[in-house]
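Residues per chain, in single letters:
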Amino acid sequence: KNGDLEQAMEWRIGLDDPDGEVAHALAVLRHRRGEFEEASELYRESLTRKPDRAEGQWNLGHALFALNRPAEAQNHWRLALEANPQLAVESLR
């Protein structure tokens, strides 16, 4: 909650994360810090637990695009928009 990535990573060890919420939150923190490779790994982990998480697909697309992987990014954006078309509108705000 407070944005302390290092502390969150420590607390995550041994934590049960059945729906991938913790992995997703850590991915967002890493993404905001410009750690796109680490963020993409955490987004993928989160999506293995909850594949229909549209925001995770959307964010993974952005992380992959930042890593100069546009084809992969487009695939994840497509999946995100199929699950939640409203993301396109929300991203313009």
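Just above, that's the structure.
Scoring rules and cut-offs
Residues numbered from 1 in each chain as written. Predicted model: local features only at pLDDT ≥ 70, side-chain atom pairs only at ≥ 80, totals over all residues. Heavy atoms only, no water. Helix = DSSP H or I, 4+ residues; strand = E, 2+ residues; numbered from the N terminus. Buried < 20%, exposed > 50% of the residue type's maximum accessible area, 1.4 Å probe, protein only. Contact = heavy atoms within 4.5 Å. Areas by Shrake-Rupley, 256 points an atom, 1.4 Å probe, with all protein chains shown as cover. Salt bridge = Lys/Arg side-chain N within 4 Å of Asp/Glu carboxyl O. Expected span 1.5 Å × (residues − 1). Core = buried A, V, L, I, M, F, W, Y, C linked by side-chain atoms within 4.5 Å. Axes fitted to C-alpha atoms, helices over the stretch in contact; angles between N-to-C directions. Parallel < 35°, antiparallel > 145°, perpendicular 65-115°, else oblique. Left-handed = near helix turned anticlockwise from the far one by under 90°. Nonpolar A, V, L, I, M, F, W, Y, C, P; charged D, E, K, R; others polar.

K.L.:
How should I be thinking about the overall build of the protein chain in this particular structure?
P.N.:
Helix and strand counts for the protein chain stand at six helices and zero strands. Moving toward the C terminus, one meets the helices and strands of the protein chain in the order α-α-α-α-α-α. Across the 93 residues in the protein chain, those meeting the buried criterion constitute 37%. For the protein chain, the proportion of contacts with a sequence separation of at least 24, taken over those separated by at least 6, is 43%. If you sum the accessible surface of the protein chain, you get close to 5,900 Å²; carbon and sulfur atoms cover 52% of it.

K.L.:
Help me understand the pattern of salt bridges, please; the structure alone is not making it clear to me.
P.N.:
It is possible for side chains of opposite charge to pair when their charged atoms get near one another. On inspection of all chains with the given rule, the structure shows nine salt bridges. Across the salt bridge formed by Asp17 and Arg49, the nearest N and O atoms sit 3.9 Å from each other. Taken together, the residues Asp17 in the loop between helix H1 (5-12) and helix H2 (21-32) and Arg49 in helix H3 (residues 36-49) connect sequence positions 32 residues apart. Here Glu35 and Arg33 are joined by a salt bridge, their closest N and O atoms 3.4 Å apart. Because the salt bridges share partners, they merge into one network encompassing Glu37, Arg44, Arg69 and Glu72.

K.L.:
Help me understand helix H4 (residues 54-66), please; the structure alone is not making it clear to me.
P.N.:
Given 3.6 residues to a turn, an α-helix orients residues that are three or four positions apart in the same direction. Over its 13 residues, H4 extends 19 Å from the first C-alpha to the last, a length consistent with the 18 Å expected when each residue adds 1.5 Å. All buried positions along H4 are accounted for by Ala54, Gly56, Gln57, Trp58, Asn59, Leu60, Gly61, Ala63 and Leu64. Next to the buried residues of H4 lie H2, H3, helix H5 (70-83) and helix H6 (86-90). Remark: Asn68 follows H4 within two positions and exhibits a positive phi of approximately 65°.

K.L.:
Teacher, can you tell me more about the nonpolar core here?
P.N.:
Membership of the largest hydrophobic core comes to 18 residues, with the highest contact counts inside it found for Leu42, Tyr43, Trp58, Leu60 and Leu87. The contact partners of Leu87, leaving out residues within four places of it in the chain, are Ala54, Glu55, Trp58, Ala80 and Leu81.

K.L.:
Help me out: how do you make sense of the packing of H2 against H3 in this one?
P.N.:
A pair of packed helices is captured by two measures, namely the crossing angle of their axes and the spacing between those axes. At a minimum axis distance of 8 Å, the contact between H2 and H3 shows a crossing angle of 160°. As the angle between them shows, H2 and H3 are arranged roughly antiparallel. Pair H2 / H3 crosses with left-handed handedness. Note on element contacts: H3 touches H2 through Phe36, Glu38, Ala39, Leu42, Tyr43, Glu45, Ser46 and Arg49, opposite Ala23, His24, Leu26, Ala27, Val28, Arg30 and His31. For the contact of H2 with H3, the per-class residue count stands at eight nonpolar, three polar and four charged.

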